[in-house]
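Structural characterization, general
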There are 2 protein chains.
Amino acid sequence: MNVKTPPHPGSKKDVSRQGGCFHKYLFSKILRQTLSLVPSPSYPMPSVTVENYLKQIYLLQQGGELAPMGGLAVAVGVTPGTATSMVKTLADANLADYAPRAGVRLTEAGTRLALQVLRRHRLIELFLVQTLGLDWSEVHDEAEELEHAISDKVLEKIDALLGHPDTDPHGDPIPPSTGKPRQQKLTPLTECTPDMAGEVARVTDQAAEFLQFVDRQGLTPGAQFTVESQSPTADAITVRPHNREPVTLGTAAAMKIMVKVEE
Amino acid sequence: MNVKTPPHPGSKKDVSRQGGCFHKYLFSKILRQTLSLVPSPSYPMPSVTVENYLKQIYLLQQGGELAPMGGLAVAVGVTPGTATSMVKTLADANLADYAPRAGVRLTEAGTRLALQVLRRHRLIELFLVQTLGLDWSEVHDEAEELEHAISDKVLEKIDALLGHPDTDPHGDPIPPSTGKPRQQKLTPLTECTPDMAGEVARVTDQAAEFLQFVDRQGLTPGAQFTVESQSPTADAITVRPHNREPVTLGTAAAMKIMVKVEE
DNA sequence: CACTAGACTTTGATTGGTCAAAGTTGTTAT
DNA sequence: ATAACAACTTTGACCAATCAAAGTCTAGTG
């Protein structure tokens, strides 16, 4: 029994990602599970929209918690009502568990897909910086588009070309093609105390302006620094990157810089 | 007066290509033209669908002729009715001239967009072969997706990386970013006569199977050859690529191979 | 405990893109 | 001239994704 879902009977071309009819698939999947005819045939290509929701839920639920619907709506850029209805669809598809008025969490299948999207996104970012020479402040938006268009084959070529890297230009970990993502144990810069030395590991804000600032100050991932002063009451921390002028950051900014502390 | 079309009021993210609301744009464009407030502000991003229709119309109308609706429907993989209604939309947008029951032709604006799509497609193909090492038989389908996701900025980086090439791996000309595409004057292999020598310049069939065959026989673009025999009645032509075994092709296949004849 | 503000969901409508099937037209053959 | 056919268009429906606005919870606060 062939379970392929003809997207549009009579159409000649493989419309694939964009055109794929996810909802029709759901039907056949439920059928298959009910009848227990096929083990677990890996999901066909979800729509760009579904991929974006999955990715954002993944990013919002970090730590096993439920992602709040409001945050999700903002993250994917839709109204709350739209998010609700889409999340219900994801739940029907067994990609997410939805607790009305509480939030949403990815299932294992959903997590797998989200990690694939994230892997595509981050490999593309690194590729754009490393191979094509774009600035790290502009690659996030580019990757946002490309992550939905690139095939596994091309992605693995890029991965190989880059030497199977494990972080992107912002220090975000690139999930492996299979298996669990590595967990980094990093400290936010806000928790560093004077005289501590460390290395910038990750910048958790993709806004171009912030990234350009970080770059100008010499605090890109890999940069070594020493903490000069820190004061929660003054809401500020001053760090000196090696061979650079010291920089003073407010707590809000410092929180976005994750750091590996020297032992 | 700012003419930007907010895709979804209140949305934070730039939904850009996929989400862009082309029809709403049309409205504002008509407004602008009517009121003569803005000169001619270059079209905003058409949807993936519109891009595909424009590309296929361009490819079908080669020679100033009208592209037939049936052929267009097959080319974009939709039913004839769908093609009709989409072409009407393109005509309303001044991207195409539509003659009911006769066919469709791109306007200048439509042609400009189609050439951009084609440029993206062909540069991507070459990039995939040259930089990422994919086989020339598989890059067409990959590029079909990527051509709608890549920004001008990334495209021009790729163009530079490849040294501003002017043909893709199949010998198809890469349209320049502005201005008219070059016209090659090539001969189909079917029109070659015995003892003529020439060079394969272009293979006008993107089917993987055919491309693999052509590759195995040593008839990829750039290959030198001599015609051994030719007979329209036998519907066949035999050519010998330099340093290779001779190959006999039927007319249907030979027509797909375009050739530069030695003077 | 009763209210209220904010978070969330529901409802009803819209849009772009599509199909199936019925209707129309232009062309060719008899 | 007319019949038949293929190509095309029209019509009515559908689906995914969305929004606006009205409705409903729920967690606090007084």
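Preceding block: the structure.
Report on the accompanying structure.

Scoring rules and cut-offs
Residues numbered from 1 in each chain as written. Chains lettered and ligands numbered in written order. Predicted model: local features only at pLDDT ≥ 70, side-chain atom pairs only at ≥ 80, totals over all residues. Heavy atoms only, no water. Helix = DSSP H or I, 4+ residues; strand = E, 2+ residues; numbered from the N terminus. Contact = heavy atoms within 4.5 Å. Areas by Shrake-Rupley, 256 points an atom, 1.4 Å probe, with all protein chains shown as cover. Pairing = 2+ DSSP bridges. Axes fitted to C-alpha atoms, helices over the stretch in contact; angles between N-to-C directions.

The subject of this paragraph is the overall build of chain A. On a plain count of helices and strands, chain A comes out with 10 helices and 8 strands. Across chain A, contacts joining residues at least 24 apart in sequence account for 62% of those joining residues at least 6 apart. Counting only carbon and sulfur atoms, one obtains 53% of the accessible surface of chain A, whose full area is about 13,100 Å².

What follows deals with the sheet that holds strand β5 (residues 224–231) of chain B. Residue and element names in this part refer to chain B. In space, the 6 strands of this open sheet follow the order β3-β8-β4-β5-β6-β7, with antiparallel pairing throughout. Only two strands of the sheet have a single partner each, and these edge strands are β3 (187–188) and β7 (247–250). Bridge count for strand β4 (residues 197–203) against β5 is 3 bridges, and the pairing is antiparallel. Bridge pairing in β5 places Glu199 opposite Gln224. Running over the sheet, helix α9 (residues 208–216) touches β4, β7 and β8 (257–261) and is turned about 155 degrees from β4.

Residues and elements named next belong to chain A. Here strand β5 (residues 224–231) runs beside strand β6 (residues 236–241); their pairing, made up of 6 bridges, is antiparallel. Paired with Val227 across the strands is Val239, a residue of β6. Linking β5 to β6, which pair antiparallel, is a turn of 4 residues; within it Asp235 sits at a positive phi near 60 degrees. Taken together, the 4 bridges between β6 and strand β7 (residues 247–250) define a ladder with antiparallel strand orientation. Residue pairing in the sheet places Ile237 in a bridge with Leu249 of β7.

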